[in-house]
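Below, each chain spelled out in residue letters.
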Amino acid sequence: MNVLNTVAEFRAARAGVPEPLGLVPTMGALHEGHISLARRARAECATVAMSVFVNPSQFGPREDLSRYPRPIERDLQMAREAGVDVVFHPSVEEMYPAGHSTWVEMEGPAKRWEGEHRPGHFRGVATVVAKLFTIIAPQREYFGEKDFQQLAVIRRLAADLMLPVDVIGCPTVREPDGLALSSRNVYLTPEERPLAVALHNALQAGRRRIGRGEREAETVRRVMEQVLLDTPGFTVDYVAVVDPGSLEPLKRIEGPARGLIAARIGSVRLIDNMSLAE
Ligand code: AMP
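Residues numbered from 1 in each chain as written. Predicted model: local features only at pLDDT ≥ 70, side-chain atom pairs only at ≥ 80, totals over all residues. Heavy atoms only, no water.

> Go over the UniProt feature "binding site: (R)-pantoate" (unreviewed entry) in the chain with me, naming the residues and quoting the values.
With numbering matched to this structure, UniProt assigns "binding site: (R)-pantoate" (unreviewed entry) to Q58 and Q150. Over a stretch of 93 residues, the named residues converge on one spot in the fold, their C-alpha atoms separated by at most 11.6 Å. Its location among the elements puts Q58 in the loop between β3 (47-52) and α3 (72-81). Classification of Q58 as buried rests on a relative accessible area of 9%. When neighbours within four sequence positions are excluded, Q58 is seen to be in contact with M27, E63, R118, H121, G124, V125 and V128. (UniProt positions renumbered as here; feature names shortened; annotations may be inferred. Helix = DSSP H or I, 4+ residues; strand = E, 2+ residues; numbered from the N terminus. Buried < 20%, exposed > 50% of the residue type's maximum accessible area, 1.4 Å probe, protein only. Contact = heavy atoms within 4.5 Å.)

In C-alpha cells form, the structure reads like this:
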C-alpha cells in the first residue's frame, strides 16, 4: 500500500493506475464503518484510494478539532488489511496553502439540520470533497449513510458541479446494541456509553409507531424526541422526520420517510438516522 502526502506525489502516482478508481474519504480514526466502505470499494473498483485528513474547515470554533483522534499508524494498518491500494494523507498546509480563498457554498440540502446547528460545516465539507475530487480523480466515491445529510449534500455537489463521479451510499455499521459506530464514540465515558444507544432506540420507536399505522409526522417526531428526553444527560439539537430526497420535514407520512437525530450527551455530540418508512 502506497502512502502519499502531497498533491504532486499523488498526481504522479495516479497516472496509469487501473480504473475504475474508488475513493473513500475519511478523517481517520478508522473503525468498521470506514472499513465497510473500503471493502465495498475493493469489491467494485480496480484501484481503491482512501484519504485520511482531519479537515479543519468543517469544524466550528467551539468544536473538537484539536482533540479529534489521529491514530495514523493504526489507520494505515487497518486500511492495508481492508485492501486499500493508496492512502492520501496530506497536511493542513498542503490542502490549504497560504492565500487559499476559494470556498464551495451550498444551499438546498445543506441548509437545515447540521447546516443550522454547525454553521460553516457543509461549506468545509463541500470544499474539501471538491478538492479531493480534483486531486484523486475517482470514478466512484463511497460515503456512509451514517452521515445522511452529508451524503445528500455530496450527491447535490457532484450533480451541480457536473463532476464525472458516481456517489455511492453505504449502510450504517452499528455496535451490537445499536449505537452507530463513530470516531467520536471514544469520547463517551463508561457511564455515558450505555445511554448513547438512546438515539437508535428513538429511531426504532419512530419506525414502530409508523408500522402501527401512525401517519402524522409530528406525532412520530415527538415519540422519538421523548425517548431522548427520558434518557438522563441528553440535550437534543434536533429530531426530524424528513423526505429522504429533499430532507425537508414531512407533515404526513404517505411514502418514504427518514428520521434524523442530533443530540449531546456530556461533551459529546452524536448524530444518527434511519429509514422510518420505505
Ligand atoms: P468520517 O471519518 O467521520 O468523516 O467518516 C468518513 C466516512 O465514513 C463518511 O462517509 C461516513 O459517513 C462514513 N461512516 C462513518 N461512520 C460510519 C458507520 N458507522 N457506518 C458506515 N459508514 C460510516
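Here the narrative resumes.
> Please provide a residue-by-residue account of unusual backbone geometry, values included.
Trans peptide bonds make up most of the peptide bonds, and negative phi angles are found at most residues other than glycine. The linkage connecting E19 with the following residue, P20, adopts the cis geometry, with an omega of 5 degrees. Among the structural elements, P20 can be located in the loop between α1 (7-14) and β2 (21-26). Phi angles above zero are rare outside glycine, and M162 is one such case at about 55 degrees. As for its position among the elements, M162 is in the loop between α7 (148-160) and β6 (166-170). When its relative accessible area of 70% is taken as the criterion, M162 is described as exposed. Positioned with a positive phi, L247 is a non-glycine residue whose angle comes to about 65 degrees. Relative to the helices and strands, L247 resides in the loop between β7 (234-242) and β8 (257-265). By relative accessible area, L247 is classed as buried at 2%.

> I'd like a rundown of the packing of aromatic side chains, residues and numbers included.
For the structure shown, the criterion picks out five aromatic pairs. Their ring planes at 65 degrees and their centres at 5.5 Å tell us that F10 and F88 sit as a pair that is edge-to-face. Of this pair, F10 sits in helix α1 while F88 is found in strand β4 (residues 86-88), placing the two residues 78 residues apart along the sequence. With respect to class, F10 is no different from F88; both count as buried. Between W113 and Y238, the ring centres sit 5.6 Å apart and the planes meet at 45 degrees, which makes this aromatic pair tilted. With a gap of 125 residues between them, W113 in the loop between α4 (92-95) and α5 (114-117) and Y238 in strand β7 connect regions that are remote in the sequence. A relative accessible area of 11% places W113 in the buried class. Counting every residue linked through ring pairs, the aromatic cluster contains F53, Y96 and W103. Taking NZ or CZ as reference, R67 lies 3.8 Å from the ring centre of Y187, over its face. (Phe/Tyr/Trp six-rings, centres within 6.5 Å; stacked < 30°, edge-to-face > 60°. Lys NZ or Arg CZ within 6 Å of the ring centre and 35° of its normal.)

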